[in-house]
Amino acid sequence: MKIIRPQIAKYIIEVYFDSWFSVHKSNIGIISLWIRTPAGLGKVYRCPRCDELIPDRELGGDFVKCSCGWIGFPRELVGETLFKLNIPKWAKKLAYFVRKMEVDADIILRRGKIPISIIEAEMVARENPKGGELLDKARKDEKAIYTKQALIKDLSSGMSMEDAIAAFLKA
Ligand SMILES: [Zn+2]
C-alpha cells in the first residue's frame, strides 16, 4: 500500500549562509540537497554532466550511471555547492532546484550561530527515538523555513516562483 503524505515535502533544499543576508550585496551560501525516505534523510547528489538529481541510496556500487549516459565514480558527483549571488540570482538558483524536485521541496535557510538545524535534528531522530524532541525544538527554533505548502500557496496567488522565493529570502 502506498502511503501518501502530501503535507510532507519529499525533498529539502538547505542553504547555509555564514551571516545575515544582505539585500544590497552578493551573499555567499552553500546549497545541500536532501531527500526524505522511510529510513530517514538521505543526501542528494547531482550528475556532473547533466545536473540530474542522484539520491545517496542509489549509490551502492563502485560506479554511478546517470540517465544521460554519464558513468563515473561516486566521488565525481556534485554534492555541496557554493555560490556567491545577489537576492534575485539566489531566488533563481533556488527556483531551479525546486522545479527539478517537481515543487515537492522545503527550503531551509541556515545562518551563522543557529545552534541546531532541522536537518541535524532529523538525523538525530533517525538514530535515537528520543531525538524527536530535538526535532520538535529545531522546528520551533528554526525561523527560516519556506515549506512546500507555503510556496504552493504563494504560487496559487499568482506570484512567480522567483518572486516568491526572493520575498522569503528578504523576510
Ligand atoms: Zn547525467
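Residues numbered from 1 in each chain as written. Predicted model: local features only at pLDDT ≥ 70, side-chain atom pairs only at ≥ 80, totals over all residues. Heavy atoms only, no water.

Counting secondary structure elements, the protein chain contains five helices and nine strands. Counting from the amino terminus, helix and strand elements in the protein chain follow one another as β-β-β-β-β-β-β-α-β-α-α-β-α-α. Relative to its 171 residues, the protein chain shows a buried fraction of 43%. A fraction of 60% describes how many contacts in the protein chain between residues 6 or more apart in sequence connect residues 24 or more apart. When the accessible area of the protein chain is evaluated, it comes to approximately 10100 Å², of which 55% is carbon and sulfur surface. (Helix = DSSP H or I, 4+ residues; strand = E, 2+ residues; numbered from the N terminus. Buried < 20%, exposed > 50% of the residue type's maximum accessible area, 1.4 Å probe, protein only. Contact = heavy atoms within 4.5 Å. Areas by Shrake-Rupley, 256 points an atom, 1.4 Å probe, with all protein chains shown as cover.)

Angles at a metal have ideal values that depend on geometry: 109.5 degrees with four tetrahedral donors, 90 or 180 degrees with six octahedral donors. The zinc ion binds to the protein through Cys47 (SG), Cys50 (SG), Cys66 (SG) and Cys68 (SG), with metal-donor distances spanning 2.3 Å. Bound by four donor atoms, the zinc ion shows angles of 103 to 113 degrees at the metal and therefore tetrahedral coordination geometry. We note that the donor set of the zinc ion lies within a single chain, spaced as C-x2-C-x15-C-x1-C. Separated by 19 residues along the polypeptide, Cys47 in the loop between β3 (40–46) and β4 (53–55) and Cys66 in the loop between β5 (64–65) and β6 (71–72) bring together distant segments of the chain. The same class applies to Cys47 as to Cys66, namely buried. (Donors = N, O, S within 2.8 Å, 3.2 Å for Na, K, Ca; no water. Tetrahedral: all angles 85-135°; square planar, octahedral: opposite > 155°, others 65-115°.)

According to the stated counting rule, one finds five salt bridges in the structure shown. Among the salt bridges present, the one from Glu162 reaches Arg99, with a minimum N-O distance of 3.0 Å. Within this pair, whereas Glu162 is found in helix α5 (residues 161–170), its partner Arg99 is found in helix α1 (residues 87–100), the two being separated by 63 residues in sequence. (Salt bridge = Lys/Arg side-chain N within 4 Å of Asp/Glu carboxyl O.)

This part covers unusual backbone geometry. The backbone of Asp51 sits at a positive phi, close to 70 degrees, despite the residue not being glycine. With respect to the helices, strands and loops of the structure, Asp51 is situated in the loop between β3 and β4. In this structure, Val103 takes a positive phi of about 55 degrees despite not being glycine. Considering the arrangement of structural elements, one finds Val103 in the loop between α1 and β8 (105–111). Note on Val103: relative accessible area 24%, which makes it partly exposed.

A few words now on the environment of Asn86. For Asn86, the location among the structural elements is in the loop between β7 (81–85) and α1. Spatially, the C-alpha atoms of Asn86 and Ile28 are 8.8 Å apart, while their sequence positions differ by 58 residues. Other than its neighbours up to four places away in sequence, Asn86 contacts Lys25 and Ser26. Only 3.0 Å separates the side chain of Asn86 from the backbone nitrogen of Lys89, close enough to count as a polar contact. (Polar contact = N/O pair within 3.5 Å; in protein donor to acceptor, adjacent residues only side chain to side chain.)

Because an α-helix completes one turn every 3.6 residues, residues spaced three or four positions apart along the sequence face the same direction. All of the buried residues along α5 are Met161, Ala164, Ile165, Ala166, Phe168 and Leu169. In this structure, the buried residues of α5 make contact with α1, β8, β9 (145–146) and α4 (148–156).

With that out of the way, let us pick up the pairing of β3. The buried count for β3 comes to six of seven residues, which makes it a mostly enclosed element. Count of turn residues in the strand β2 (residues 27–37)/β3 antiparallel hairpin: two residues. For β3 and β4, the ladder comprises three bridges, and the chain directions are antiparallel. Note that in β4 the partner of Tyr45 across the bridge is Ile54. In sequence, β3 turns back onto β4 through a hairpin of six residues, with Asp51 there showing a positive phi of about 70 degrees. (Pairing = 2+ DSSP bridges.)

Moving on, we come to the side chain of Asp51. For Asp51, a relative accessible area of 16% corresponds to the buried category. One polar contact links Asp51 to Arg46, side chain to side chain, over a distance of 2.9 Å.

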